[in-house]
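# Architecture and fold: a report
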Amino acid sequence: MAPKAPLLNTLSLKGIEIAPSQVWGGIRIVPLLRRNVRGDLRLAKRDYDDDLTVVSLQGQPLAAGLKYTSYVPHGLVLSWDEEGQPVAAKGSQLGTDGQRFKAGPVSVRVLSRMAKREARNQLRFLPLHLAMEGFLSLFFSGPDIAWSEYSKQALSQGLSSRTEWSVSGQAIQGLADALRVFEIHEHQVGMLLFVSEALASAFITPTPEDYRLLHPSLLQDFYGELLYQYGLYGGTVPMQSQVDESKVETLADLRDAIATLRQDWAAFQGLMASDLLQRPVESKRIYTAGPFTLQRFITDLKLKSENHIGEAIVRNDGQLEYLKTYRLSAGQARRAYLLSQLAAQGWHLERTALSMGELLENFIYRLEKAGFGYLINNQVREQAQKARRRD
């Protein structure tokens, strides 16, 4: 049996080359190239095209239980060979994946699980939604101890239903044109997407063939609302570099100079993504597929930095075969940060406020502003309001 792939501690582009970027308006796409393609792992796209998808996270699809609801334009079908032999991308046909219902003009699909094994070496999963569902489930159960400061709802139902908003790639100005006109390199397996020089997403596939197939699907992905605003009002910074002609006398000199130029570009564009690459991440294993592991992750939360969630498939030698990330908005990061601080202090309000160097009433105010006021009982909230007014 092949050893399991390790859980990610950081994201590394080991075995992947960063190529010079292409720019269209406020969109910068940095191609990622893979020279050594093994072919024993493939991805195929499966279109759903329903208005709404309900994913059953536990139990039977139509039975009561925990559900994830969103617009899901497509899933990905993973095929692999445990002996390292090349495989074909397959399983993209819809088949009997879930159940479809019509409610007037609206169609609803009910699916079972975010990642579901369909055959011996075939797995279907829902890209980005797998990562977002993990984000929504963070600290979902709420307080483990029945502290009197919490509401009955928080103690009995935890965080209950959680909702986050995002925008489709089709709403980001210039992205559709950029994806349509940009050249796809021969060995390209992914890209870093910047909107007004802010890293929006990273995407990597196992093979160049898979990337060509999935390249248009980036328009169907969802992004934080801040990137929508960046697309409207931002732009890119002109970046120019050139070869020093005085140092070029032969074709070999020119070749070396071009290679140095490409290395400098790769290093700089990698630096632009440094809030994602080499950043500590917390990962969770979702599925082990022979020598590959599907996992989702979140970067360590820093309120003054970019914060990302995502999912990855890692080979047992640590090489990244698949990656898709989502940049959290400031509000989303703030909500996760507050919950993480509460969980770290056993959900004790006063102790959490103290650890953050805040007065209790101010910390409760921050929870209310973040949309978590319903977790605190009314008496404690009123006391906090009176204390703030006195100050």
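So, here is what we can say about the structure in this document. (Residues numbered from 1 in each chain as written. Predicted model: local features only at pLDDT ≥ 70, side-chain atom pairs only at ≥ 80, totals over all residues. Heavy atoms only, no water.)

### Some thoughts on the environment of Gln295
Mapped onto the secondary structure, Gln295 falls in strand β17 (residues 292–299). Residue classification places Gln295 among the buried positions, given a relative accessible area of 0%. Every residue in contact with Gln295, bar those within four places of it in the chain, is listed here: Pro6, Leu7, Leu8, Ser283, Lys284, Arg285, Ile286, Gly310, Glu311, Ala312 and Val314. Of note is the side chain of Gln295, whose polar atom sits 3.2 Å from the backbone oxygen of Pro6. Polar contacts involving the side chain of Gln295 include one to the main-chain amide nitrogen of Leu8, which spans 2.8 Å. (Helix = DSSP H or I, 4+ residues; strand = E, 2+ residues; numbered from the N terminus. Buried < 20%, exposed > 50% of the residue type's maximum accessible area, 1.4 Å probe, protein only. Contact = heavy atoms within 4.5 Å. Polar contact = N/O pair within 3.5 Å; in protein donor to acceptor, adjacent residues only side chain to side chain.)

### Overview of the pairing of strand β9 (residues 106–112)
Where a strand is regular, its side chains alternate between the two sheet faces. Of all seven residues in β9, six are buried, a share of seventy percent or more. Across five bridges, the pairing between strand β8 (residues 99–103) and β9 is antiparallel. Bridge pairing in β9 places Lys102 opposite Ser107. Between the end of β8 and the start of β9, which pair antiparallel, lie two residues, with Gly104 showing a positive phi angle near 65°. (Pairing = 2+ DSSP bridges.)

### Points about the environment of Glu17
On the secondary structure map, Glu17 appears in strand β1 (residues 17–18). Distance in space between the C-alpha atoms of Glu17 and Val30 is 10 Å, their sequence separation being 13 residues. In this structure Glu17 touches Pro31, Leu32, Leu33, Arg35 and Arg262, once residues within four positions along its chain are discounted. Side-chain polar atoms of Glu17 contact the side chain of Arg35, separated by 3.0 Å.

### Section: the nonpolar core
Formed by 55 residues in total, the largest nonpolar core has its most connected members in Phe125 and Tyr223. Sorting elements by how many residues they give to this core places helix α1 (residues 129–136) first, with five residues. If near-sequence neighbours (up to four positions away) are discounted, Phe125 is found in contact with Leu43, Gly75, Leu76, Leu78, Met114, Ala115, Leu294, Glu311, Ile313 and Tyr322. Core analysis: the second largest hydrophobic core is formed by 25 residues, Ala5, Leu8, Leu11 and Leu276 among them. (Core = buried A, V, L, I, M, F, W, Y, C linked by side-chain atoms within 4.5 Å.)

### Observations regarding the sheet that holds strand β11 (residues 122–125)
The strands making up a sheet are joined through hydrogen bonds of the backbone, oriented either antiparallel or parallel. Taken together, four strands build an open sheet; the order of strands is β4-β7-β11-β10 and the sheet is antiparallel. Whereas interior strands pair on both sides, the edge strands pair on one side only; in this sheet they are β4 (41–47) and β10 (115–119). Each strand of the sheet is rotated relative to its neighbour by a mean of 25°, with strand direction disregarded. By the bridge criterion, four bridges tie β10 to β11 in an arrangement that is antiparallel. Residue pairing for β11: Arg117 is matched across the bridge by Leu123. (Axes fitted to C-alpha atoms, helices over the stretch in contact; angles between N-to-C directions.)

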